[in-house]
Amino acid sequence: MALPITKVHILILFMCLIELGTAQLSPNFYAAKCPNALSTIRSGVNSAVSKEARMGASLLRLHFHDCFVQGCDASVLLDDTATFTGEKTAGPNANSIRGFEVIDSIKSQVESLCPGVVSCADILAVAARDSVVALGGPSWTVQLGRRDSTTASKSQANSDLPAPTLDLTGLISAFSKKGLSTSDMVVLSGGHTIGQARCTTFRARIYNETNIDPNFAKSLQGNCPSTGGDNNLAPIDTTSPTKFDNAYYKNLQVKKGLFHSDQQLFNGGSTDSQVNGYASNPLSFCRDFGNAMIKMGNISPLTGTSGQIRTNCRKIN
């Protein structure tokens, strides 16, 4: 005869899950422990984005580059030391990812409120959401309770972060490896509606590819010569580079995707219809983007007793 499940059994099971590091994330994780954490993060993000709109895209990208390497554990924030190699010098990150000082400032403020409570990984997740909102985009409920890694992986950053040179099959594979669907990939790529890119990441496209508007290519060549000027910048979405909207998809429809990987989403393949849908329905894009960000933010988080709450996001305690 089966024994009845009591409240005591449920409590024991819950405590075991926490002990194993598999506790579920919750939007109310800091409600009692640090009730002003989220408003402090939002204030820090708003201040940074008001000074430089591009920072919103940079903070969104930090969360993305964090989650795709070891999961959403703030490994991307760790500095190299004499005995430790982090992810900042990996190919997709070197001279590219930015916003660390903003995260440092937010972390310092949160630590003064609630020492040792709020993880750097959660700050990244919330800052990504607040950055999108600050630039006119959608909001979503961020799940919280991640802890910070004590390791990083330069090799995984090199292998797992999707390159701007990938074809559609490569993009689908890269996202699938992280448990994200093709639809997730298309909508998360819409994050390219904000931010800027270095010449070196799109040079081959504007000089060598044919599925690109010729006037668009020519306009970019003026600031991105065939040799030199690697770090010269261009907006990824030339229509509204500091506004989070659906213009990215409209650009793809007229062959004005900046990256090779961008234009692959609208190039006679299986994702064309989804691009068309978002180009014509911004509300659908906003809804799906928020849902996909929640899903991405749940990639292999450290919870319970796994990892730690770093005092300084750049180094292990």
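Everything below is about the structure shown above.
Numbers given to residues run from 1 along each chain, matching the order in which its sequence is written. Only residues with pLDDT of at least 70 get local features here, since the model is predicted, and only at 80 or more are side-chain atom pairs given and counted; chain-wide, interface and lining totals rely on the full set of residues. Only heavy atoms go into the side-chain values, all of them from the structure, while hydrogens and water stay out.

The next point concerns the nonpolar core. Throughout, nonpolar core names a set of buried Ala, Val, Leu, Ile, Met, Phe, Trp, Tyr and Cys residues whose side chains join them through atoms within 4.5 Å. A simple rule labels every residue: compare its accessible area, found with a 1.4 Å probe on the protein chains alone, to the largest value its type can have, and call it buried under 20%, exposed over 50%, or partly exposed in between. By size, the foremost hydrophobic cluster in this structure holds 70 residues, and its most contacted members are L77, Y249 and F289. When checking whether two residues touch, look at their non-hydrogen atoms; a contact exists if any pair is within 4.5 Å. Once residues within four sequence positions are removed from consideration, F289 is found in contact with L60, V132, P138, W140, V187, L188, G191 and F244.

So, about helix α10 (residues 214–221). Labels follow the DSSP assignment, with helices taken as runs of H or I lasting at least four residues and strands as runs of E lasting at least two, numbered in each case from the N terminus. All of the buried residues along α10 are F216, A217 and L220. Buried residues in α10, looked at end-on, bunch into an arc of 100°, giving them a common side. In this structure, α10 carries P214, N215, K218 and S219 as exposed residues pointing more than 90 degrees from its buried face. Counting of polar contacts relies on pairs of N or O atoms within 3.5 Å, with two restrictions inside protein: one atom must be capable of donating a hydrogen and the other of accepting it, and residues adjacent in sequence are counted only when both atoms are side-chain atoms. Capping the start of α10, D213 holds a side-chain oxygen 3.1 Å from the backbone nitrogen of N215, two or three residues further along. The directions considered for the arc run from the helix axis to the C-beta atoms.

Below, the discussion takes up the state of the cysteines. Cysteine sulfurs are considered disulfide-paired once they come within 2.5 Å of each other. By the definition in use, this model includes four disulfides. One disulfide bridge connects C67 with C72, the sulfur atoms lying 2.0 Å from each other. Because the sign of the S-S torsion sets the handedness, a value of about 120° for the bond joining C67 and C72 places this disulfide among the right-handed ones. In terms of burial, C67 and C72 fall into one category: buried.

Let us look at helix α4 (residues 100–113). Expected span, for any helix, means 1.5 Å times one less than how many residues it has. End to end, α4 covers 20 Å across 14 residues, agreeing with the expected 20 Å (1.5 Å per residue, within 8%). Against α2 (37–51), α3 (54–67) and α5 (120–134) lie the buried residues of α4.

This brings us to the packing of helix α9 (residues 199–208) against α10. Interhelical geometry of α9 versus α10 gives an angle of 130° and a closest axis separation of 9 Å. One element, α9, and the other, α10, form an angle in the oblique class. Note that α9 runs across α10; the crossing there is left-handed. Contacts between α9 and α10 pair F202, I206 and Y207 from the former with A217, L220 and Q221 from the latter. For helices, the fitted axis covers only the stretch in contact; all axes are lines through C-alpha atoms, and the angles between them, taken along N-to-C directions, range from 0 to 180 degrees. Working rule for angles: under 35 degrees goes down as roughly parallel, over 145 as roughly antiparallel, 65 to 115 as roughly perpendicular, anything else as oblique. Crossing handedness is defined as follows: a turn of the near helix away from the far one that is anticlockwise and smaller than a right angle gives a left-handed crossing, while the clockwise case is right-handed.

One speaks of a salt bridge when a side-chain nitrogen belonging to Lys or Arg is within 4 Å of a carboxyl oxygen belonging to Asp or Glu. Considering all chains together, one arrives at 13 salt bridges under this definition. With its nearest N and O atoms 3.4 Å apart, the salt bridge here joins R314 to D79. Here D79 lies in the loop between α3 and α4 and R314 lies in the segment after α14 (282–296), a separation of 235 residues in the sequence. When its relative accessible area of 22% is taken as the criterion, R314 is described as partly exposed. A salt bridge links E111 to K107, with the nearest nitrogen and oxygen atoms 2.8 Å apart. Within this pair, E111 and its partner K107 are both found in helix α4, separated by four residues, close to a single helical turn. Among the residues examined, K107 registers a relative accessible area of 2% and is labelled buried.

Looking at the secondary structure, you find Q308 in the segment after α14. On the basis of relative accessible area, Q308 is assigned to the buried category, the value being 15%. Only 2.8 Å separates the side chain of Q308 from the backbone nitrogen of N317, close enough to count as a polar contact. Among residues more than four places away in sequence, those in contact with Q308 are R147, D148, T150, I316 and N317.

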